[in-house]
Amino acid sequence: MVEDDPDITTALRLLFGSAGYDVVHAGDGRAGLREAYAAHPDLVVLDVGLPEMDGWSVLERLRDISDVPVLVLTAHGKETDKVRGLRSGADDYLTKPFANAELLARVEALLRRSTDATSWTNQVYDDGVLHLDPTQRRVFVNSQEVRLTPTEFRLLNALVRHAGAVLSANQLLSQAWDDPTGIGQERVKFAVLRLRRKLGWTDPDSSPIESVRGFGYRYRRP
Ligand code: CA
């Protein structure tokens, strides 16, 4: 539970506690991410308006490393937040003020829907050439740091986490773009070209990021 409002925090602790859940609470976005990396919760209740790092950034960073169900709490009167939340990878949302019974019912529904195998991949990836740290969002090639945009980072992370497998442009779109609606597959192609250039992997014969004609892209461990 990532929530900065003390009254709501107290109420939710009581609610989830009496329903038999173990609750880990963080009062700001950064602490929320740290707790999630450490505790690997089965579900995250995430407020949008948070100090340090807002809920949208927390959600984006969480999605780098996990498919954990996330229920976003949006502020009253911000209807556009719902759309944004669902497009950014939230599984459900509730607008404040909400009825406790409804929150509990939605949490239970999400937990029923989710598989037991919620995956967390916050461990560092390192194959001797590429070093990728998802919690710090840092990338090194042969020990030299490379600065990537959030989309480029997610693109590389998706490829690396499925090393050896071919990912289609559509799969990459859904994993790397905040809002893939209306984005053509050409965008993926150009993003891959830019990513290769930044990483110094432009030679098509030796690049660890391979294009597989007609299918998509594959990361090949160097
Ligand atoms: Ca708040």
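Everything discussed here concerns the structure shown above.
What counts, and where the lines are drawn
Residues numbered from 1 in each chain as written. Predicted model: local features only at pLDDT ≥ 70, side-chain atom pairs only at ≥ 80, totals over all residues. Heavy atoms only, no water. Core = buried A, V, L, I, M, F, W, Y, C linked by side-chain atoms within 4.5 Å. Buried < 20%, exposed > 50% of the residue type's maximum accessible area, 1.4 Å probe, protein only. Helix = DSSP H or I, 4+ residues; strand = E, 2+ residues; numbered from the N terminus. Contact = heavy atoms within 4.5 Å. Axes fitted to C-alpha atoms, helices over the stretch in contact; angles between N-to-C directions. Parallel < 35°, antiparallel > 145°, perpendicular 65-115°, else oblique. Nonpolar A, V, L, I, M, F, W, Y, C, P; charged D, E, K, R; others polar.

Draft legend 1. Layout of the nonpolar core. Counting residues in each nonpolar core, the largest one holds 29 residues, and the members touching the most others are Leu-130, Val-139, Leu-156, Leu-199 and Ile-209. Mapped onto this core, the elements with two or more residues apiece are strand E5 (130-133), strand E6 (138-141), helix H6 (150-161), helix H7 (169-176), helix H8 (185-199) and strand E10 (216-219). For this core, the element with the most residues is H6, which contributes 6 residues. Once you skip the residues sitting within four places of it in the chain, Leu-156 turns out to touch Leu-130, Leu-132, Val-139, Leu-148, Leu-195, Leu-199 and Ile-209. Counting residues in hydrophobic clusters, the runner-up holds 19 residues, among them Tyr-37, Val-48, Leu-59 and Val-68.

Draft legend 2. Expanded view of the packing of H6 against H8. Between H6 and H8, whose axes approach to 10 Å, the crossing angle comes to 90 degrees. Between H6 and H8, the angle is such that the two are roughly perpendicular. Two secondary-structure elements touch here, H6 through Glu-152, Leu-155 and Leu-156 and H8 through Ala-191, Val-192, Arg-194, Leu-195, Lys-198 and Leu-199. For the contact of H6 with H8, the per-class residue count stands at 6 nonpolar, no polar and 3 charged.

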